[in-house]
Amino acid sequence: MDEEKYRIAVATSDGENIDLHFGRADSFDIYDADREGRVTFRERRENTPPCENGIHRDDRLLEAAETIRDCDFVLAARAGPGAQAALAQLGVDVYEIPGNVMDAIDRVLLFLEAQRIINGG
């Protein structure tokens, strides 16, 4: 993770709200954010959802995780244990935080800054 910037993947159906489970996301909106709180939309990345009728295929969970491997974290309404394990394998943190995209990003950035301060960074 870059000390000054974060790359964030968001599971959203409408670009406004975090309203998808990681396994059902057919795309991820990608944002860049800096420690001053400036957030910039970068792109939308297409994805093949690994969840089909409630069944998750581990190989497809890893493929979905690979789609956002360059991200520091992903925001999703939910992420099951298989998705969390696939993402952890690639060093991508998961935050289950449904709601407005920009509000959620702001909350996570505040949390990360507080963690940095507590850890003396």
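As shown above, the structure is provided for reference.
Note that the structure is a prediction, hence the values are computed from the model and not measured.

*Asks:* Mind showing me how you'd approach the packing of aromatic side chains here?
*Replies:* The description of two aromatic rings rests on the distance between their centres and on the angle between their planes. Counted according to the given criterion, the structure contains five aromatic pairs. Taking the centre distance of 6.2 Å and the plane angle of 75° together, the rings of Tyr-95 and Phe-111 count as edge-to-face. One end of the pair, Tyr-95, is in strand β8 (residues 93-96); the other, Phe-111, is in helix α3 (residues 101-118), with 16 residues separating them in the sequence. For Phe-111, a relative accessible area of 41% translates into the label partly exposed. Among the aromatic side chains, those forming a connected cluster through ring pairs are Tyr-6, Phe-73, Tyr-95 and Phe-111.

*Asks:* I keep staring at the pattern of salt bridges and nothing clicks. Help me out?
*Replies:* Pairing between side chains of opposite charge can happen when their charged atoms approach one another. Applying the stated criterion across every chain, the model contains 13 salt bridges. With its nearest N and O atoms 3.3 Å apart, the salt bridge here joins Glu-36 to Arg-38. Since its relative accessible area comes to 56%, Glu-36 is described here as exposed. Here the salt bridges do not stand alone but share partners, grouping Arg-7, Asp-32, Arg-42, Glu-43, Arg-45 and Asp-70 into one network.

*Asks:* Before we go on, may I ask you to explain the pairing of strand β4 (residues 39-46) in this structure?
*Replies:* In summary, the side chains of a regular strand alternate between the two faces of the sheet. Two strands pair when backbone bridges link them, and strand β3 (residues 27-34) and β4 are joined in this way by seven bridges, in the antiparallel orientation. Among the inter-strand pairings, Ser-27 is bridged to a residue of β4, identified as Glu-46.

*Asks:* Please clarify how the environment of Arg-69 should be interpreted in this entry.
*Replies:* Looking at the element boundaries, Arg-69 is found in the loop between α1 (58-67) and β7 (73-76). Overall, Arg-69 belongs to the partly exposed group, its relative accessible area being 45%. Expressed as a C-alpha distance, the spacing of Arg-69 and Val-92, which sit 23 residues apart in the sequence, is 6.7 Å. A polar contact of 2.8 Å, which involves the side chain of Arg-69, links it to the side chain of Glu-66.

*Asks:* For this particular structure, what's the right way to read helix α2 (residues 81-89)?
*Replies:* What sets the pattern is the α-helix's 3.6 residues per turn: residues three or four places apart point alike. All of the buried residues in α2 are Ala-83, Ala-86 and Leu-87. Taken down its axis, α2 places every buried residue within 95° of arc, on the same side. Of the exposed residues in α2, those oriented more than 90 degrees away from the buried face are Pro-81, Ala-88 and Gln-89. Packing partners of the buried residues in α2 comprise α1, β7 and β8. After α2 finishes, the residue Gly-91 shows a positive phi value of roughly 80°.

Definitions and limits used
Residues numbered from 1 in each chain as written. Predicted model: local features only at pLDDT ≥ 70, side-chain atom pairs only at ≥ 80, totals over all residues. Heavy atoms only, no water. Phe/Tyr/Trp six-rings, centres within 6.5 Å; stacked < 30°, edge-to-face > 60°. Helix = DSSP H or I, 4+ residues; strand = E, 2+ residues; numbered from the N terminus. Buried < 20%, exposed > 50% of the residue type's maximum accessible area, 1.4 Å probe, protein only. Salt bridge = Lys/Arg side-chain N within 4 Å of Asp/Glu carboxyl O. Pairing = 2+ DSSP bridges. Polar contact = N/O pair within 3.5 Å; in protein donor to acceptor, adjacent residues only side chain to side chain. Arc of directions from axis to C-beta. Contact = heavy atoms within 4.5 Å.

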